[in-house]
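Structural description and commentary
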Amino acid sequence: MFPRPKGDRVFPQLNSFALQAPGFYFAAMIQPSMPTADQLYLLGADQEAFHQKAALAARARFGNQVFVRGVVEVSNFCRENCAYCGMRRSNRSLNRFRADYEQIAELLIHHRPASMTDVNIQAGEDPVAVREVVLPLIQTLRRETDLGISVCLGSLNHSMYDDLKQAGTSIYVIKFEIANPKMYAAMESPGQFDQRIANICYLAKTGWRISSGFIAGLPRQTTDDLLANFTLAAQLPIDGCSVSPFIPGEETLLANEPMASLDLTLNCMAALRLMRPDWVIPSVSALNLAGAGNGYRRGLRTGANLVTINLTPADFRENYLLYKRNRFIMTEDRILNAIAAEDLEPSSQSLADFYAAQKVNGTVTFTPQAAASA
Ligand code: 5AD
């Protein structure tokens, strides 16, 4: 095991208003197996065995298939000011852009990689881009393609969430970022913690499938803080969860802080897979920053079952700044090579179709039609 951070302390109970509010429901009817603190710090042969167990759990559920999604980043305007994120509104050195929806539609309709079954439309928190770019893009894609469509657009008002669903998407990516409410506030994570959780609950109640996520290895994050991420994730009405390693972004308040340990991040991913064998868990591209070239493949080795090809046009990409300006771009080639090298296969079923064929809460069968009329 590698050393734990100093100053571990008891995590304040998850007593947020949103979690107790009427209407919140517990999606996880199964008893998830929660990670222990020790598991998060495994190394060597014990770590390998732990990851293998997680990978086997994924294969028992999903076979050797991984979902292949493309991402397009359509706006880097952001009204939030997260301490860790390069797109924070206080970063004045960024050229801000909004994409032209017709250009992105053309790319996705006529020039998308053959292996991708889904697209994730992503932006900073920018309601203008939702209206001017994302909604018309979804409508066009719905008309012209059978791509599964997910969106990652942050905390929006309810009517905007409803409009997005109405336009033809059914999967929302919304990370809770940090489960400790005090740390959430200190890091200026999006809006308020309780409101973020309430948004996740609203999306679930209105028929969205949700992928959430958290950041591992943030400065001053204790073991209890880390474990709280699992406790919260297990209580949320979500269908997938990501773990991103903290990367000290060049143009952020945390530029001089140490990068997250890749081992810690991978251990969190394995723990998440063992907690919820049924969840969709991505291998995120930042793993390659945390692990010089092989982090991504190691992510696939811990039971991840979703990969993302970056399709953002190059001239926009440089200014979609999460971490550093020279991003490691996951092209289709790199993705397919990583999948093949790990003895996995790209899924021909889209993530959207996979969800549509599943039951929600063991009772309601989810279909896009049902979601649209919910
Ligand atoms: N390190 C890790 N993850 C980050 N994100 C933003 N900045 C960082 C960083 N420095 C993640 C956040 C956010 C998403 C857009 O990117 O989780 O939700």
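Structure: see above.
Before going into details, it helps to say that this report is about the structure given with it.

Criteria and cut-off values
- Residues numbered from 1 in each chain as written.
- Predicted model: local features only at pLDDT ≥ 70, side-chain atom pairs only at ≥ 80, totals over all residues.
- Core = buried A, V, L, I, M, F, W, Y, C linked by C-beta atoms within 7 Å.
- Buried ≥ 20, exposed ≤ 12 C-beta atoms within 10 Å, placed from the backbone.
- Contact = placed C-beta atoms within 7 Å.
- Helix = DSSP H or I, 4+ residues; strand = E, 2+ residues; numbered from the N terminus.
- Pairing = 2+ DSSP bridges.
- Right-handed = clockwise from strand over helix to strand, strands pointing away.

Brief notes about the nonpolar core
Ranked by internal contacts, the top residues of the largest apolar core, which has 114 residues, are Val74, Val134, Leu137, Ile200, Ala216 and Cys268. Ignoring any residue separated from it by four or fewer positions in sequence, one finds Val74 in contact with Arg98, Ala99, Ile104, Ile121, Ala123, Ala129, Val133 and Val134.

Description of the pairing of strand S6 (residues 240–245)
With 6 of its 6 residues buried, S6 lies for the most part within the structure. Alternating residues of S6 divide into Gly240, Ser242 and Ser244 and Cys241, Val243 and Pro245, and every residue in both groups is buried. Two elements, strand S5 (residues 209–216) and S6, share 6 bridges in a ladder whose sense is parallel. Residue pairing for S6: Phe214 is matched across the bridge by Val243. Once you follow S5 into helix H8 (residues 223–235) and on to S6, the crossover reads as right-handed.

As for the environment of Ser347
Summarising the element assignment, Ser347 is placed in the loop between strand S8 (345–346) and helix H14 (351–356). Ser347 gets classed as buried once you count the C-beta atoms within 10 Å, which come to 23. Separated by 41 residues in the primary sequence, Ser347 and Leu306 have C-alpha atoms spaced 9.3 Å apart.

Observations regarding the environment of Pro282
Mapped onto the elements, Pro282 comes out in the loop between helix H9 (262–275) and helix H10 (286–290). When the 25 C-beta atoms within 10 Å are taken as the criterion, Pro282 is described as buried. Taking the C-alpha atoms as reference, Pro282 lies 8.0 Å from Thr308; in sequence the two are 26 residues apart. Leaving out residues up to four positions away in the same chain, Pro282 has contacts with Ser242, Ala304, Leu306, Val307 and Thr308.

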